[in-house]
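# Coordinate inspection notes
Below are the chains, spelled out letter by letter.
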Amino acid sequence: MSGLEELLGTIGGIVWGPFLLIPLLLGTGIYLTIRLGGIQFLRLGAALRLGLIKRQDDGAEGDISQFQALTTAMAATVGTGNIVGVATAIGIGGPGALFWMWMTALLGMASKYSEAFLGVRFRTTDTAGEKSGGPQYYLERGIPGGFGKVLALTFSVFAVCACFGIGNMTQGNSIASNLERSFAVPTWATGAVLAAMTLLVLVGGIKSIGKVTAGFVPAMILFYVLGALYILIVNIADVPAAFGQIFGQAFTGTSAVGGFLGSTIMIAVQYGVARGIFSNESGMGSAAIAAASAQTTHPVRQGLVSMTQTFIDTIIVVTCTGLVIVTTGVWQETDPATGEQISAAIMTGQAFTHGLPGQWGHWIVTVGLVLFAYSTILGWAYYGERNIERLVGRGGVMPFRILFALVVYFGCTVQLGVVWNFSDVMNGLMAIPNLIGLLILSGLIARETRHYLRHDPRLEANRDQIEAFMQGQPGWEDWKRSERSVHR
């Protein structure tokens with residue numbers, strides 16, 4: 001197993017290295033930002049208002065509301081990456097890595113918009129009457145010929161593999177190990193309860209998942225962010241210096257201080273981008289699967305709502321974690337037993353413990369990690385289910401749900417060094433066909449986006465108004481035909 005773990009680590013280093021996924025991710029984000037006219041900056045306010053305040057398009061087709069689709073996607077992304085992933089990036093790349101997480105998010109918002117737009121634009125209906133979409137559909141339907149089919153099939157296979165890694169075993173293991181360390185709960189007991197809860201929600205399908213995530217995802221984020229804000233307010237005098245370290249060391253690297261061994265600019269960039277995409281999943285195509293289920297009157301509207309997921313995940317939650325780690329100075333601390341830098345697994349918890357009285361910090365991180373990880377399991381279960389439906393048909397959905405729940409138990413009770421490396425590789429391989437597809441389809445995305453926003457820049461048009469100004473547009477007619485077709 002150690003040999004396999006080392007091999008996967010080597011492959012992961014290539015996939016996430018400076019010559020493959022990092023330039024592809026950043027390059028795609030820059031290109032789409034330019035083609036879409038900086039949509040993530042100009043339309044963020046309208047998108048937040050539609051997604052968080054209005055929350056739904058009245059009379060639109062779909063399985064769940066726009067808000068529920070957003071929280072389902074957020075459930076999958078707001079996970080261990082927001083707690084352990086940030087600590088890993090800063091622990092290896094220094095405070096400058098947080099800057100590159102921000103850049104990945106800001107550029108990634110254009111990618112997230114584009115993939116969610118395409119998810120709705122090319123969605124179809126399965127034999128059970130549920131909407132189904134995502135890269136596994138839009139790569140094949142949007143890109144003519146065999147190349148699109150190859151990209152779609154490749155994405156589906158990697159997505160199913162990834163859902164059992166990053167969306168299942170690693171999350172369950174994080175929950176079980178934290179509950180065992182904090183409250184002496186046996187891992188087998190956590191595994192049994194978690195598997196049963198997961199299956200109970202999954203049996204109800206996307207409508208059940210949407211109701212659960214709409215209820216507790218906003219609450220869990222608020223719970224965690226308020227704890228972080230308290231620490232930052234108490235340490236407000238150190239916040240300007242923290243920003244100085246983040247911006248300065250993003251371009252200079254970090255000298256060895258305390259238990260920190262030092263890093264180069266390239267290490268800061270590599271870990272910032274890798275942990276950034278691990279956290280917000282922009283460019284991976286996964287969020288498009290949730291977006292495709294939304295009740296929306298036009299693909300542009302859901303694309304913009306989905307774009308806010310990256311903003312909330314990274315610009316808000318990840319920033320809170322990163323600033324707490326830097327302002328408390330925990331990233332420079334050493335383990336008394338070994339004299340080495342403390343591990344990323346406990347770094348965030350240590351920072352919150354320093355910043356809050358008593359055991360409050362420890363409890364907030366533990367409870368936050370449990371909630372974040374469980375929500376990720378639910379979100380990724382839906383992603384895997386939709387790709388299983390694409391590969392083998394609707395008949396494979398229920399067996400997949402049962403297997404997925406059983407694997408949750410397995411993940412809680414074993415050591416997962418290999419699985420973590422496997423997850424990194426699968427996440428990266430998922431993104432490659434999707435990013436290629438986004439570049440190829442960028443012209444269609446830009447053209448149809450411009451036409452819609454020319455008539456409804458504030459996202460306030462109702463269904464009849466949209467029907468009037470979209471009349472005669474080829475993309476409009478194609479979308480209506482596509483989403484009513486049944487995929488067998």
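Before reading further, recall that the structure is shown in the block above.
Residues numbered from 1 in each chain as written. Predicted model: local features only at pLDDT ≥ 70, side-chain atom pairs only at ≥ 80, totals over all residues. Heavy atoms only, no water.

Its place among the elements puts Pro 135 in helix α8 (residues 135–142). Residue Pro 135 is classed as buried on the basis of its relative accessible area, which comes to 0%. Each C-alpha atom, one on Pro 135 and one on Ala 287, is 9.7 Å from the other, the two residues being 152 residues apart in sequence. (Helix = DSSP H or I, 4+ residues; strand = E, 2+ residues; numbered from the N terminus. Buried < 20%, exposed > 50% of the residue type's maximum accessible area, 1.4 Å probe, protein only.)

A word on the packing of aromatic side chains. A complete count under the given rule lists 18 aromatic pairs for this structure. For the ring pair Trp 100 and Phe 251, a centre distance of 5.7 Å and an interplane angle of 65 degrees mean the geometry is edge-to-face. Of this pair, Trp 100 sits in helix α7 (residues 96–121) while Phe 251 sits in the loop between α12 (239–249) and α13 (265–280), and the two are 151 residues apart along the sequence. In this structure Trp 100 comes out as buried when scored by relative accessible area, which is 15%. By the ring-pair criterion, three or more aromatic residues cluster together here, those being Phe 99, Trp 100, Trp 102, Phe 243, Phe 247 and Phe 251. Arg 55 extends its terminal NZ or CZ atom over the ring of Phe 67, reaching a point 3.8 Å from the ring centre. Above the ring of Tyr 137, the side-chain terminus of Arg 390 is found at 5.4 Å from the ring centroid. (Phe/Tyr/Trp six-rings, centres within 6.5 Å; stacked < 30°, edge-to-face > 60°. Lys NZ or Arg CZ within 6 Å of the ring centre and 35° of its normal.)

Attention shifts here to a positive patch on the surface. Taken together, the side chains of Arg 35, Arg 447, Arg 450 and Arg 454 make up a positively charged region of the molecular surface. Ranked by residue count, the leading element in the positive patch is helix α20 (residues 442–455), at three residues. On the accessibility criterion, Arg 454 (57% relative accessible area) is exposed. (Patch = residues over 30% accessible without salt bridge, like charges linked within 9 Å, V, L, I, M, F, W, Y side chains within 5 Å. Areas by Shrake-Rupley, 256 points an atom, 1.4 Å probe, with all protein chains shown as cover. Salt bridge = Lys/Arg side-chain N within 4 Å of Asp/Glu carboxyl O. Lys, Arg positive; Asp, Glu negative; His and termini not counted. Charge placed at Lys NZ, Arg CZ, Asp CG, Glu CD.)

Another aspect to go through is the environment of Leu 24. Note on placement: Leu 24 falls in helix α2 (residues 21–35). Measuring from C-alpha to C-alpha, the distance between Leu 24 and Tyr 409 comes to 36 Å, with 385 residues separating the pair along the chain. Setting aside chain neighbours within four positions, we find Leu 24 in contact with Ile 432, Leu 435 and Leu 439. (Contact = heavy atoms within 4.5 Å.)

Its volume calculated, the largest pocket comes out at about 780 Å³. Lining the largest pocket we find 31 residues, and of these Val 84, Thr 88, Arg 275, Trp 420 and Asp 424 sit closest to its centre. Contributing elements (two or more residues each) for the lining of the largest pocket: α1 (2–15), α6 (84–93), α9 (146–183), α13, α16 (344–355) and α19 (417–440). Of the residues that constitute the lining of the largest pocket, the class distribution is 13 nonpolar, 15 polar and three charged. Approximately 270 Å³ is the volume found for the second largest pocket. (1 Å grid on protein atoms, 1.4 Å probe; cavity = no way out; pocket = protein on both sides within 12 Å on 5 of 7 lines; lining within 4 Å. Points joined across faces, edges and corners; volume = space filled by probe spheres on them. Nonpolar A, V, L, I, M, F, W, Y, C, P; charged D, E, K, R; others polar.)

Okay, the state of the cysteines next. Enumeration according to the criterion identifies zero disulfides in this entry. Here Cys 163 is not cross-linked by a disulfide; its sulfur's nearest cysteine counterpart is in Cys 161, at 8.2 Å. Here Cys 163 falls in the buried class, since its relative accessible area comes to 0%. (Disulfide = S-S within 2.5 Å.)

A few words on a nonpolar patch on the surface. Taken together, the side chains of Leu 153, Val 157, Leu 391 and Val 392 make up a nonpolar region of the molecular surface, amounting to roughly 340 Å² of accessible area. Elements with a minimum of two residues in the nonpolar patch: α9 and α17 (360–392). Checked against the element boundaries, Val 157 lands in helix α9.

Before going further, it helps to examine α6. Counted residue by residue, α6 has eight buried out of 10 residues, so it is predominantly covered. Among the residues of α6, those classed as buried are Gly 85, Val 86, Ala 87, Thr 88, Ala 89, Ile 90, Gly 91 and Gly 93. Following α6 by one or two positions, Gly 94 adopts a phi angle in the positive range, close to 80 degrees.

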